[in-house]
Amino acid sequence: MAKEIIIQIRDLIKSYSRKVAINGVNLDIYKSEIFGLLGPNGAGKSTLLSMMATVSKPTSGDIYIKDISLVKQAHLVKKLIGFVPQEIALYTKLSGIDNLKFWGQVYGLRGRVLQERIEYVLFVVALQDRIKDPVDHYSGGMKRRLNIAASLLHNPQILIMDEPTAGVDVESRRCILSAVKKLSEEGTTVIYTSHYLEEVDGICHRLAFLKEGRIETVGTMAELEGYFATSNKKTK
Ligand code: ADP
Ligand code: MG
């Protein structure tokens, strides 16, 4: 069966005043796949993800989600996308549950539907126990998991995560990676960035290596084995 393409990135360029951060990226991403984006600091990973998440606009080129242009009609696809930015955005004085209620209401969820979604997303990130504690009592990994939970409240078809496992403890990392797997099995498309080849190795269906705003290579881990072996890539 042919794979269904859910995201098409075409001739994408993003320039800041002094820097071309994304320099002509073309990429297709399939429905339900886990796609890993690797690359050293400054490669353009966050810039690329923020455009996919409709947070920033391309200088030129476009991204199509289910054939809808993000440049022309971003408002039509926003609700299909969940975004976990590199910087954690939570209200640290509030409890975990109150943070989720707040974000749920931002997405227009109320009452029983909101309650059920909160229960489900807490289950996905395995964070039921400490949910009444204020967020500033959480470890970094727990904050990250809560952030992921918040991004899933509106049941997005595409989840975009910027370094979700950076700086988190081993248990949280395991938990996040198993949530990613589960979501993909349920049909969610997951795109995430990482510094670690070993991490994307076990879980991503395909991965791309980004360098200086360009995709150097893309494929399955098996397809890219030779590339990584010969080039001895440093991803940090
Ligand atoms: P990565 O996430 O792979 O570390 P980024 O996308 O954050 O890379 O950054 C890519 C390049 O663009 C870097 O050189 C960075 O300094 C630059 N850059 C990122 N954001 C901005 C910005 N808001 N203004 C100017 N330059 C930026
Ligand atoms: Mg980044």
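- In the nomenclature of an unreviewed UniProt entry, the protein chain is known as ATP-binding cassette domain-containing protein of Thermanaerosceptrum fracticalcis.

1. Comments concerning the coordination of the magnesium ion (ligand 2)
Step number 1: Each protein donor to the magnesium ion (ligand 2) is listed here as Ser46 (OG) and Gln86 (OE1); together their distances run 2.1 to 2.4 Å. Of the two residues, serine 46 sits in helix α1 (residues 45–52) while glutamine 86 sits in the loop between β6 (81–84) and α3 (96–106), which places them 40 residues apart along the sequence.
Step number 2: Given a relative accessible area of 28%, serine 46 falls into the partly exposed group.

2. So, the site of ligand 1
Step number 1: Every residue near ligand 1 is listed here: Tyr16, Lys19, Ala21, Pro40, Asn41, Gly42, Ala43, Gly44, Lys45, Ser46 and Thr47.
Step number 2: Measuring from an oxygen atom of ligand 1, one finds a backbone N or O atom of glycine 44 at 3.0 Å.
Step number 3: A distance of 2.9 Å separates an oxygen atom of ligand 1 from a polar atom in the side chain of serine 46.
Step number 4: If ligand 1 stood free it would expose 560 Å²; the protein chains cover 60% of that surface.
Step number 5: The element contributing the most residues to the shell around ligand 1 is α1, with three residues.

Rules of the game
- Residues numbered from 1 in each chain as written.
- Chains lettered and ligands numbered in written order.
- Predicted model: local features only at pLDDT ≥ 70, side-chain atom pairs only at ≥ 80, totals over all residues.
- Heavy atoms only, no water.
- Donors = N, O, S within 2.8 Å, 3.2 Å for Na, K, Ca; no water.
- Helix = DSSP H or I, 4+ residues; strand = E, 2+ residues; numbered from the N terminus.
- Buried < 20%, exposed > 50% of the residue type's maximum accessible area, 1.4 Å probe, protein only.
- Near = heavy atom within 4 Å.
- Polar contact = N/O pair within 3.5 Å; in protein donor to acceptor, adjacent residues only side chain to side chain.
- Areas by Shrake-Rupley, 256 points an atom, 1.4 Å probe, with all protein chains shown as cover.

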